[in-house]
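Fold and geometry: a report
The lines below spell out each chain.
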Amino acid sequence: MHSLKPLRNKFSSTGRKESFMKHVHDFLNQHITDHSIIGMGSGSTIEAYIPAAAEYIQKHDLDVTFVPTSTRTEKFLHDHRMTTSLDIEKIDFTIDGADHFTPSLSAVKGYGGALLREKQIGYFSKDIIIVAKEDKQTGSFEGLKIPVEINPFLSELTKIQIEGISEAEITDRLDGDDLFVTDNGNYIADCRFRSIPDISSLHNELINIPGVIETGIFDRFISQIVSFSDNDMVIHKNQ
């Protein structure tokens, strides 16, 4: 997948950061229409956006349903009087953040531990809009932490199989002194790979290991990435 020349919008540095973020939120709000069913991701960037989405929906009296990727996002949406549902037959599009991304529209997600639900919702919608700070852009995922969600059953053996791929270095995700447990009751193995010739092939190798539930590699269905700094916004789109 290749990206078009990115669209760049600069804003006056004399404005406050909050004022600039309104431009980012306004861009996301343009995609919301009446009777939309929208996947809503997880993380600090998304939580900063949700109040703006709520204000836009209320101002325009729109009937919108959100499909949350985590219990935390679900609670945040409810706190802002937004309608959520998992009893749906389609998802129009998904708005989510990213922990790392490339301009060629691949991303690594899951540092918050919601990667399985994020991937289900994003891939079922087949149209993912990523919004992330520009310092999360990278030219390669080599050496970066890639979360892998694994079944607790024989998890040590599962990790041994993962270590055999590209000499992976694995760190158990912790919650205090205990292993972190996802909303789905699984563990997270944070993996660093010295060499990643092809990110899609790496995902396929990992997902074929019995015990691996999902990976944080998002290499499909991202239609655009909105990258922002304090005074700049770049929109990467696919062809």
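Everything below is about the structure shown above.
Described in the following lines is the structure provided in the data block. (Residues numbered from 1 in each chain as written. Predicted model: local features only at pLDDT ≥ 70, side-chain atom pairs only at ≥ 80, totals over all residues. Heavy atoms only, no water.)

Brief notes about unusual backbone geometry
Even without being a glycine, His 35 presents a positive backbone phi close to 70°. For His 35, the location among the structural elements is in the loop between helix H1 (17–29) and strand S2 (37–40). Positive phi values are uncommon outside glycine, yet Leu 105 reaches one of about 70°. Relative to the helices and strands, Leu 105 resides in the loop between strand S6 (100–102) and strand S7 (106–108). In this structure Leu 105 comes out as buried when scored by relative accessible area, which is 1%. (Helix = DSSP H or I, 4+ residues; strand = E, 2+ residues; numbered from the N terminus. Buried < 20%, exposed > 50% of the residue type's maximum accessible area, 1.4 Å probe, protein only.)

Quick look at the pattern of salt bridges
If you walk through the whole model with that rule in mind, you get 12 salt bridges. The residue Arg 194 makes a salt bridge to Glu 169 at a minimum N-O spacing of 3.9 Å. Taken together, the residues Arg 194 in the loop between strand S13 (187–192) and helix H6 (199–207) and Glu 169 in strand S10 (residues 169–172) connect sequence positions 25 residues apart. Residue classification places Arg 194 among the exposed residues on the basis of a relative accessible area of 54%. Taking the relative accessible area as the measure of exposure, Glu 169 reaches 44% and is therefore partly exposed. (Salt bridge = Lys/Arg side-chain N within 4 Å of Asp/Glu carboxyl O.)

Section: the sheet that holds S10
Strand order in the open sheet formed by four strands is S10-S13-S9-S14, with antiparallel pairing between adjacent strands. Among the strands making up the open sheet, the edge pair consists of S10 and strand S14 (212–215). Sheet twist, expressed as the average angle between the axes of neighbouring strands with direction ignored, equals 30°. Bridge analysis of strand S9 (residues 146–150) against S14 gives three bridges, and the strand direction is antiparallel. Along S14, the bridge assignment pairs Glu 149 with Glu 214. Across the face of the sheet, H6 comes into contact with S9 and S14 while running at roughly 165° to S14. (Pairing = 2+ DSSP bridges. Axes fitted to C-alpha atoms, helices over the stretch in contact; angles between N-to-C directions. Contact = heavy atoms within 4.5 Å.)

Notes on the side chain of Ser 106
Structurally, Ser 106 can be placed in strand S7. A relative accessible area of 11% places Ser 106 in the buried class.

Things to note about the environment of Phe 221
Looking at the element boundaries, Phe 221 is found in the loop between strand S15 (217–218) and strand S16 (222–228). Separated by 66 residues in sequence, Phe 221 and Ser 155 have C-alpha atoms that sit 30 Å apart.

Some remarks on the nonpolar core
Val 24, Met 40, Tyr 49, Phe 66, Met 82, Ile 95 and Val 131 are the most contacted members of the largest nonpolar core, which totals 27 residues. Going through the elements one at a time, H1, S2, helix H2 (44–59), strand S5 (93–96), strand S8 (128–133), S16 and strand S17 (232–237) are the ones with two or more residues in this core. Here this core gets seven residues from one element, more than from any other, and that element is H2. Val 108, Val 148, Ala 168 and Ile 209 belong to the second-largest nonpolar core, a separate cluster that totals 18 residues. (Core = buried A, V, L, I, M, F, W, Y, C linked by side-chain atoms within 4.5 Å.)

Observations regarding the packing of aromatic side chains
In total, this model carries two aromatic pairs according to the counting rule given. Relative to Phe 218, the ring of Tyr 123 lies with its centre 5.9 Å away and its plane at 85°, an arrangement referred to as edge-to-face. With Tyr 123 in helix H4 (residues 115–125) and Phe 218 in strand S15, the pair connects residues that are 95 residues apart, well separated along the chain. On the basis of relative accessible area, Tyr 123 is assigned to the buried category, the value being 13%. Taking the relative accessible area as the measure of exposure, Phe 218 reaches 2% and is therefore buried. With 5.2 Å between their ring centres and 85° between their planes, Tyr 123 and Phe 221 make a pair best called edge-to-face. With a gap of 98 residues between them, Tyr 123 in helix H4 and Phe 221 in the loop between S15 and S16 connect regions that are remote in the sequence. Exposure remark for Phe 221: the relative accessible area of 22% places this residue in the partly exposed category. Through pairs of rings, three or more aromatic residues link up here, namely Tyr 123, Phe 218 and Phe 221. Here the basic side chain of Lys 109 rests over the ring of Phe 218, its NZ or CZ set 5.6 Å away from the ring centre. (Phe/Tyr/Trp six-rings, centres within 6.5 Å; stacked < 30°, edge-to-face > 60°. Lys NZ or Arg CZ within 6 Å of the ring centre and 35° of its normal.)

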